[in-house]
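# Summary of structural features
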Amino acid sequence: MAIKTDAVGKTYPPVTYAIGREKISEYAAAVGETNPIYLDVEAARAAGYADVVAPPMFAVVYAGRAIGPILFDPEVAINFAMVVHGSQEFKWGPLVVAGDEIATTGSVKEIAERGGMGFYVLETSSVNQRGETVCMGLWTDIVRGVE
């Protein structure tokens, strides 16, 4: 089955995520992070931050929510039975701290067929409540067996 490319360039409504101390703490524990700025409000404030800092890869938590609507869009038409996660790339801006509200907009950057596989490149742009871009992401999924 040939891949559909009609959704290339499509942008989806933003998804907002409120950054909480407890979520940062849970994430830090899950990935084995021990830096006190991620775990202790006083340590974070002593380092010059308003609250605990989210580790950089916490971007997966707030930006990942914008990926779901794209993946399940019938116009994108991903064959989940044959999908493999290809890659993630991030470019970070200002640090995210507890209390921030992050709005992430997702879009379909590219859908292409190469070597019998479909390549789906999705882009996310995450902006805090001050209008600062805190993270840009590229998410690539590969669908095997495309003809």
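Residues numbered from 1 in each chain as written. Predicted model: local features only at pLDDT ≥ 70, side-chain atom pairs only at ≥ 80, totals over all residues. Heavy atoms only, no water.

A word on the overall build of the protein. Helix and strand counts for the protein stand at four helices and five strands. Across the protein, helices and strands are ordered from the amino to the carboxyl terminus as β-α-α-α-α-β-β-β-β. Based on the C-alpha atoms only, the size of the protein along its principal axes is roughly 55 × 30 × 20 Å. When contacts within the protein are restricted to residue pairs at least 6 apart in sequence, long-range pairs at least 24 apart make up 70% of them. Only carbon and sulfur atoms are counted for the fraction: they give 56% of the accessible area of the protein, which is about 7,600 Å². Charged side chains in the protein number 11 positive and 18 negative. The centres of these two groups are separated by 1 Å. (Helix = DSSP H or I, 4+ residues; strand = E, 2+ residues; numbered from the N terminus. Contact = heavy atoms within 4.5 Å. Areas by Shrake-Rupley, 256 points an atom, 1.4 Å probe, with all protein chains shown as cover. Lys, Arg positive; Asp, Glu negative; His and termini not counted. Charge placed at Lys NZ, Arg CZ, Asp CG, Glu CD.)

The next subject is the packing of aromatic side chains. This model, assessed by the stated rule, comprises six aromatic pairs. Of the aromatic side chains, those joined through ring pairs into one cluster are Tyr 17, Tyr 27, Phe 58 and Tyr 62. In this arrangement the basic side chain of Arg 114 is found over the ring face of Phe 119, its NZ or CZ atom lying 4.2 Å from the centre. (Phe/Tyr/Trp six-rings, centres within 6.5 Å; stacked < 30°, edge-to-face > 60°. Lys NZ or Arg CZ within 6 Å of the ring centre and 35° of its normal.)

Turning next to the side chain of Ser 107. Among the secondary structure elements, Ser 107 is positioned in strand β3 (residues 101-114). The contact partners of Ser 107, leaving out residues within four places of it in the chain, are Lys 10, Thr 11, Tyr 12, Ile 70, Val 121, Leu 122 and Glu 123.

Another aspect to go through is the sheet that holds strand β2 (residues 83-92). Backbone hydrogen bonds are what pair the strands of a sheet, in a parallel or an antiparallel way. If you trace the five strands from one edge of the open sheet to the other, you get β1-β3-β4-β5-β2, paired in antiparallel fashion. Since the sheet does not close on itself, it has two edges, and those belong to β1 (15-18) and β2, each with one partner. Adjacent strand axes in the sheet meet at a mean angle of 25°, parallel and antiparallel pairs treated alike. As judged from the eleven bridges shared by β3 and strand β4 (residues 117-127), these two strands associate in the antiparallel manner. Bridge pairing links Glu 110 to Val 121 in β4. (Pairing = 2+ DSSP bridges. Axes fitted to C-alpha atoms, helices over the stretch in contact; angles between N-to-C directions.)

Glancing now at the pattern of salt bridges. It is possible for side chains bearing opposite charge to pair when their charged atoms get close. Inspection of every chain in the model, using the stated rule, returns eight salt bridges. Between Lys 10 and Asp 73 there is a salt bridge; the shortest N-O distance is 2.7 Å. With Lys 10 in the segment before β1 and Asp 73 in the loop between α4 (68-71) and β2, this pair connects stretches of sequence that are 63 residues apart. Residue classification places Lys 10 among the partly exposed positions, given a relative accessible area of 27%. For Glu 75, the salt bridge identified is with Lys 10, shortest N-O distance 3.1 Å. Residue Glu 75 is found in the loop between α4 and β2, and its partner Lys 10 is found in the segment before β1; the two are separated by 65 residues along the sequence. One network of salt bridges, with partners in common, ties together Lys 10, Asp 73 and Glu 75. (Salt bridge = Lys/Arg side-chain N within 4 Å of Asp/Glu carboxyl O. Buried < 20%, exposed > 50% of the residue type's maximum accessible area, 1.4 Å probe, protein only.)

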